[in-house]
Amino acid sequence: MTEQTPAIDGRQFRNVLGQFCTGITVITALDPDGKPIGFACQSFAALSLDPPLVLFCPTKGSRSWAAIEVAGKFCVNVLAEEQQPTCARFGSREPDKFAGVPWHTTDLGVPVLDESLATIECTVDSVVDGGDHYIVIGRVRALAESTGTNGRPLLFYRGQYTGIEPDKTTPAPWRADLDHFLTTTSLDTWL
């Protein structure tokens, strides 16, 4: 006996999931000709501490993802609040998304957006089917935090950009029980 999946309205699906605030990243790489490529991506997450793995989910029709898969390596650029125009540029069909955006290539050979809040350089570890998207698992090879931004991330909530309150520029102090939860893995923990 097979279980029937109820029909889910696409607009309602987006509205409900829009209640979950996400950070915004730009995934970058060099195509086979050495040209920088990239796309805005809000489906990014940490996956594993040991080994260090992250994931992101590009649409199956993404031309940028196809080139990144061939390259076998990429950079996750965590956008800072002031990078909203950069996000809009990388979320567009603009042919040269890097025009006017300061960037450099790292030792791993991936483009890094200079004004990002953080960067995570990875090699493609595996790719899993995920409906109309792929789930790309990246093995972290290098990472860095920027000191040149205000320290606040660019966020997406209910279909629009948002940010952290101006007076909330530093995280709340760590509690010992929270630190223990986040660094101890068991069958009951998510990280």
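For the structure, check the block above.
Note that the coordinates shown come from a computational prediction; the quantities given were computed from them, not determined experimentally.

Cut-offs used in this document
- Note on numbering: residues in each chain are counted from 1, in written sequence order.
- Under the rules for a predicted model, residues below a pLDDT of 70 receive no local features and side-chain atom pairs below 80 are neither given nor counted, while totals for whole chains, interfaces and linings still include all residues.
- Side-chain measures were taken over the full set of non-hydrogen atoms in the model, leaving aside hydrogen atoms and water.
- A run of H or I in DSSP counts as a helix once it spans at least four residues, and a run of E counts as a strand once it spans at least two, with each numbered from the N terminus.
- A contact between two residues is defined here by any heavy atoms of the two lying within 4.5 Å.
- Only protein chains enter the calculation, and the probe is 1.4 Å; a residue is then buried if its accessible area is under 20% of its type maximum, exposed if over 50%, and partly exposed in between.
- For salt bridges, the criterion is a side-chain nitrogen of Lys or Arg within 4 Å of an Asp or Glu carboxyl oxygen.
- A pair of strands counts as paired when DSSP detects no fewer than two bridges linking them.
- To count toward a patch, a residue needs a relative accessible area above 30% and no salt bridge. Like charges then connect within 9 Å, nonpolar side chains (Val, Leu, Ile, Met, Phe, Trp, Tyr) within 5 Å.
- Methods summary: accessible areas were calculated by the Shrake-Rupley approach with a probe of 1.4 Å, and residue burial reflects only the protein chains presented.
- Aromatic rings from Phe, Tyr and Trp, with only the six-membered ring used for Trp, were paired whenever their centres fell within 6.5 Å, and each pair was classed as stacked if the ring planes differed by under 30 degrees, edge-to-face if by over 60, and tilted otherwise.
- Here a polar contact means two N or O atoms within 3.5 Å. Within protein one must be a hydrogen donor candidate and the other an acceptor candidate, and residues neighboring in sequence count only if both atoms are side-chain atoms.

## What about the environment of Leu-108?
The residue Leu-108 is located in the loop between strand S7 (103–105) and strand S8 (111–113) in this model. Separated by 15 residues in the primary sequence, Leu-108 and Thr-123 have C-alpha atoms spaced 9.0 Å apart. In this view, Leu-108 contacts Lys-73, Glu-121, Cys-122, Thr-123 and Arg-141; residues no more than four positions away in its chain are not counted.

## Focus on the environment of Glu-69
By the element assignment, Glu-69 lies in helix H2 (residues 63–71). Glu-69 sits in the partly exposed class, given a relative accessible area of 41%.

## Structural notes on the pattern of salt bridges
Tallying each qualifying case throughout the model produces 4 salt bridges. With a shortest N-O distance of 3.9 Å, Glu-94 and Arg-89 are connected by a salt bridge.

## Examining the sheet that holds strand S11 (residues 155–157)
The strand order S1-S11-S12 describes an open sheet built from 3 strands, whose pairing is antiparallel. One side of each edge strand has no neighbouring strand; the edge strands of this open sheet are strand S1 (22–23) and strand S12 (160–162). Pairing analysis gives 2 bridges linking S1 to S11, with the strands arranged antiparallel. Counted as the bridge partner of Gly-23 is Leu-155 from S11.

## Observations concerning a nonpolar patch on the surface
Taken together, the side chains of Ile-8, Phe-13, Val-16 and Leu-17 present a nonpolar region at the surface, about 410 Å² in accessible area. Mapping Leu-17 onto the fold places it in helix H1 (residues 10–17).

## Side note on the packing of aromatic side chains
What the rule picks out here adds up to 5 aromatic pairs. Consider the rings of Phe-90 and Phe-98, whose centres lie 5.0 Å apart with planes at 85°: the pair is edge-to-face. Judged by relative accessible area, Phe-90 falls into the buried class, the value being 1%. Taking the centre distance of 5.3 Å and the plane angle of 65° together, the rings of Phe-98 and Trp-103 count as edge-to-face. Taking relative accessible area as the criterion, Phe-98 reaches 4% and is therefore assigned buried. By the ring-pair criterion, three or more aromatic residues cluster together here, those being Phe-39, Phe-56, Trp-65 and Phe-74.

## As for the side chain of Thr-119
Among the secondary structure elements, Thr-119 is positioned in strand S9 (residues 118–130). Discounting chain neighbours no more than four positions away, the residues touching Thr-119 are Cys-75, Val-76, Asn-77, Val-112, Ala-142, Leu-143 and Ala-144.

## Comments concerning the pairing of strand S6 (residues 73–78)
Along S6, 5 of the 6 residues are buried, which leaves the element largely enclosed by surrounding structure. In this structure, strand S2 (residues 25–30) lies alongside S6, joined through 4 bridges in antiparallel fashion. From the neighbouring strand, Val-26 faces S6, where its bridge partner is Asn-77. Across 6 bridges, S6 lies against S9 in antiparallel orientation. If you follow Asn-77 over to S9, its bridge partner there is Thr-119.

## Topic: the side chain of Asn-77
With respect to the helices and strands, the residue Asn-77 is situated in strand S6. A polar side-chain atom of Asn-77 sits 3.1 Å from a polar atom in the side chain of Thr-28. Dropping the residues within four chain positions of it, Asn-77 is found in contact with Ile-24, Thr-25, Val-26, Thr-28, Pro-111, Val-112, Leu-113, Ser-116, Ala-118 and Thr-119.

## Considering the environment of Trp-103
Relative to the assigned elements, Trp-103 resides in strand S7. By relative accessible area, which is 31% here, Trp-103 ends up partly exposed. For the pair Trp-103 and Pro-36, spaced 67 residues apart in sequence, the C-alpha separation works out to 9.7 Å. Aside from chain neighbours lying at most four places away, what touches Trp-103 is Pro-36, Phe-98, Pro-111, Val-112, Leu-113 and Asp-114.

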